[in-house]
Amino acid sequence: MKSGAGKKKDFFKKILVVLSAALFTIILTQDYIFTFAPLKELELKLIDTRFSKRGPIEIKDSSKVIIIEITQETYNQIPPPNNKAPLPRSVYAKAIENLTKAGAKAIGIDLIMSDADKYSVMNDTMLMQAIKKSGKVVVAGKIDEVIEKQIEDSTYSISSYTNSNYNKIQYNYESIFYDADSSLGIVQMPPDFDAVYRRYMPFRWTAITKKKVPSFGFALINKYLGLKGTDTAKNDNNFFILGNKKILKFDRTSVLINIYGPSRTFQHLNLIDIIDDMEFKTKDETESRIDINQWEVLNEETSYRNLFRGKVFIIGTTMPEDKDVLASAFAKGERKGDNQINGVEFHANIVQNILSNNFLSTQSKESEILLIFFLTALSFYVSYFVRKIKLKIGFIIESLNVLMILLIVFVIYELSIILFIQNKLVIAIVSPSLAVIIGYFSSTAYHFLLERQQNVIIKGMFSQYVSKEVVDQLIIDPGKLRLGGERKNLSVLFSDIAGFTTFAEKKQPEELVSFINEFLNAMTEIILSHNGTLDKYLGDAVMAFWGAPVEVKDHAYKACVTALQMQEKLVEMREKWSSLGETPIRIRIGINTGDVIVGNIGGEKRFDYTVLGDDVNLASRLEGANKEYATNIMISDATYDCCKDKILVRELDVIRVKGKSEPTKVYELISIVGDKKAEEAVEKMDLYFQALELYRQKSFEPALDYFNRSYEKLGDYPSKVYINRCEFYLKNPPDQNWDGVFEMKTK
């Protein structure tokens, strides 16, 4: 039991961890120090998700905004030669005249007109007069953002634009109709990090004219409310105020658009129908000599007369080739890119939002930060107390913890959807969710520190008789101390000193132990350096494996490289021992790859981390099979198949080892690819390989000839083995069912 002082100290440690985790969450999710773009983008995408969950709002019949669209049909019905882009300005003059007569309260032209009409200067005059006469028109303007940025960065001299196109007196925001009545709106809006347009700025500040200019949508509101064309919204805490409209802020410079739906959610009328009155002749009317007068038809219908009166009309293109499209927050979810709307629709959404007071409110920063602290503490303590539950299977505890964390995050997400749909409230999802996750991980870290002392004890106890890798596994998962194991694909190596019994008889016990220790130490270092796990020493024999307890990539190849280096090291040691008068020794190595049982095997009080299975036994048998061919390293076909592109081998035989019914193709491991001498040696074995093929075909007489020639060339024992076999089979031919498999009679 801890004392009262100890419990108090632990309590304050927990509080410190919770506060640190909450502050870390605030730093990542709030913009006080820096903006972490991935989390910012995720929060924005989750706003889009809420629009998709809400679905579109039917607005066509009740909207105060109507879009007058320019389509290919518009161009088709303009009599030539005036039917080329851009349209003559007289078309817009006619549209303004008709819409004004119909009772429009505001008319926006969402087209940049920075140069004179390409058809006739009279067209510009007509449009200028129509704008002045109507008093309802807002023209589109742009600011030169490159120059603005240079001025802000003090890299552009004020004097350099005083005598240029950016003269403050003559500056018209790229609209030659700005002087008509100064009712102009900036159409440029900044996208979010992910290039999606969710926000709308009420005005833009221009460094050139040193004043605020209303944005296009807000300029239309000026007209609708009867305000001055140059009026801009005032900043007032959580609102932008324009006339009698209080517009909820999203951040200090913009409004979050409550987008009504996908493209064509608003009422669309074709521009040609608006100008087709008794005075204007469309192409069809000219060719057919029949007056259609679609505008007159529309005005005769009571529903359309009511439709036009007191409305805001925005004229703009919806033609794909004009590329006036942008990504919005609303996506149908049917295909990629179905969140795109036309620029004219973008402006229509904000105007309708303001006129119908249909705003989205956002969670205050203060409440968001308080929520972060609360959820961090909740997640921390829930995780901490769940870990206090003592169960035999620790995985269940951690799974329960994760499920609880996921449940809290899910509740946050679902709550955000409900509040958005029912209350038009946008609450943060990322920051509270991250608070829950970081609270969980901080609890995990705290739990780890508490158990560190126990881990040190485990390490001290077990490192005396198991490998460091096994100790690390036990620290990560103490459950591995239980009896049992798992099936894994591993590579197993057996090594043994040839003729060790005879060698040992000539040694004194002290000399023998010293010799064996030196030998085993050298071999062990090589095994461990290649991520092998030393299983055990069996007298002079060594058993090792690769792939457990930790995963080892290319474990078959690492086992082969280890075997080759063991032989190389033995050559060095033999030179040293020869100088001391020691009898030279050689070692045999067998390697096999396959599925084995690996784990803690033994009694409850004493067990070893080892491997069991037929594939382990096969590796042992291959070590002994080297005797038959006088080879140093023999590998199985399973090992060869795993790394055949990286090693040099000689195919030896297809054998059936004692204790196994299935035959195994075996190879002599010579070296690794890239060893020039070894590669040349393999090339010289061409006669051997040809002889082996003939032998398999039961062509023993020509095979004998080739093996003899191979033996004369190489002086190798495998050729000698096959010479004896061929001579035997020539005298004692095998039966028809002979499969070429050699039966090993010894282990």
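Reading the values: the criteria
- Residues numbered from 1 in each chain as written.
- Predicted model: local features only at pLDDT ≥ 70, side-chain atom pairs only at ≥ 80, totals over all residues.
- Heavy atoms only, no water.
- Pairing = 2+ DSSP bridges.
- Helix = DSSP H or I, 4+ residues; strand = E, 2+ residues; numbered from the N terminus.
- Axes fitted to C-alpha atoms, helices over the stretch in contact; angles between N-to-C directions.
- Contact = heavy atoms within 4.5 Å.
- Salt bridge = Lys/Arg side-chain N within 4 Å of Asp/Glu carboxyl O.
- Buried < 20%, exposed > 50% of the residue type's maximum accessible area, 1.4 Å probe, protein only.
- Phe/Tyr/Trp six-rings, centres within 6.5 Å; stacked < 30°, edge-to-face > 60°.
- Lys NZ or Arg CZ within 6 Å of the ring centre and 35° of its normal.
- Expected span 1.5 Å × (residues − 1).

**Some remarks on the sheet that holds strand β9 (residues 239–242)**
Alright, step 1. Taking strand neighbours across the sheet as the criterion, the three strands line up as β8-β9-β10 in an open arrangement whose pairing is antiparallel. At either margin of the open sheet sits one strand with a lone partner, and together these are β8 (234–236) and β10 (245–248). This sheet shows a mean twist of 30° between the axes of neighbouring strands, independent of strand direction.
Alright, step 2. Summarising the sheet, β8 and β9 pair through three bridges and their orientation is antiparallel. Residue D236 lies in a different strand from β9, and its bridge partner there is F239.
Alright, step 3. The strands touched by helix α8 (residues 216–225) are β9 and β10; relative to β9, the strand with the most contacts, the crossing angle is about 45°.

**Focus on unusual backbone geometry**
Alright, step 1. P81 follows P80 through a cis peptide bond whose omega is 5°.
Alright, step 2. Relative to the assigned elements, P81 resides in the loop between α3 (72–77) and α4 (89–101).
Alright, step 3. In this structure, P86 follows A85 across a cis peptide bond, with omega equal to -5°.
Alright, step 4. Along the chain, P86 falls in the loop between α3 and α4.
Alright, step 5. A positive phi angle, close to 55°, is found at D554, a residue other than glycine.
Alright, step 6. Within the fold, D554 resides in the loop between β20 (541–546) and α20 (555–579).
Alright, step 7. If you check the backbone angles, A630 has positive phi at about 60° while not being a glycine.

**Topic: the pattern of salt bridges**
Alright, step 1. Going through the model one piece at a time under the given rule, you end up with 30 salt bridges.
Alright, step 2. Here D251 and R199 are joined by a salt bridge, their closest N and O atoms 3.5 Å apart. Placement of the pair is D251 in the loop between β10 and β11 (255–256) and R199 in strand β5 (residues 199–200), with a sequence separation of 52 residues.
Alright, step 3. Residue classification places D251 among the partly exposed residues on the basis of a relative accessible area of 28%.
Alright, step 4. Here the salt bridges share partners, and the residues they tie into one network are K45, D48, D192, D194, R198, R199 and D251.

**Thoughts on the packing of aromatic side chains**
Alright, step 1. Following the criterion strictly, the structure yields 31 aromatic pairs and no others.
Alright, step 2. When the centroid spacing of 5.8 Å and the interplanar angle of 55° are considered together, the rings of F308 and F313 count as tilted. The same class applies to F308 as to F313, namely buried.
Alright, step 3. For the pair Y440 and F441, a centre-to-centre distance of 5.1 Å together with 65° between the ring planes defines the contact as edge-to-face.
Alright, step 4. Owing to a relative accessible area of 10%, Y440 belongs among the buried residues under this scheme.
Alright, step 5. Residue classification places F441 among the exposed positions, given a relative accessible area of 52%.
Alright, step 6. Every member of this aromatic cluster is reached through a ring pair, and the members are Y688, F689, Y695, F700, F707, Y722, F728, Y729 and W738.
Alright, step 7. Between K246 and the ring centre of F239, over which it is positioned, the NZ or CZ distance is 4.5 Å.

**Regarding helix α13 (residues 343–355)**
Alright, step 1. Taking 1.5 Å of rise per residue, the 13 residues of α13 would be expected to cover 18 Å, and the 19 Å separating its terminal C-alpha atoms lies within 8% of that figure.
Alright, step 2. Counting buried positions along α13 gives 13 out of 13 residues, so the element sits mostly inside the fold.
Alright, step 3. N357, located one to two residues past α13, shows a positive phi value of around 50°.

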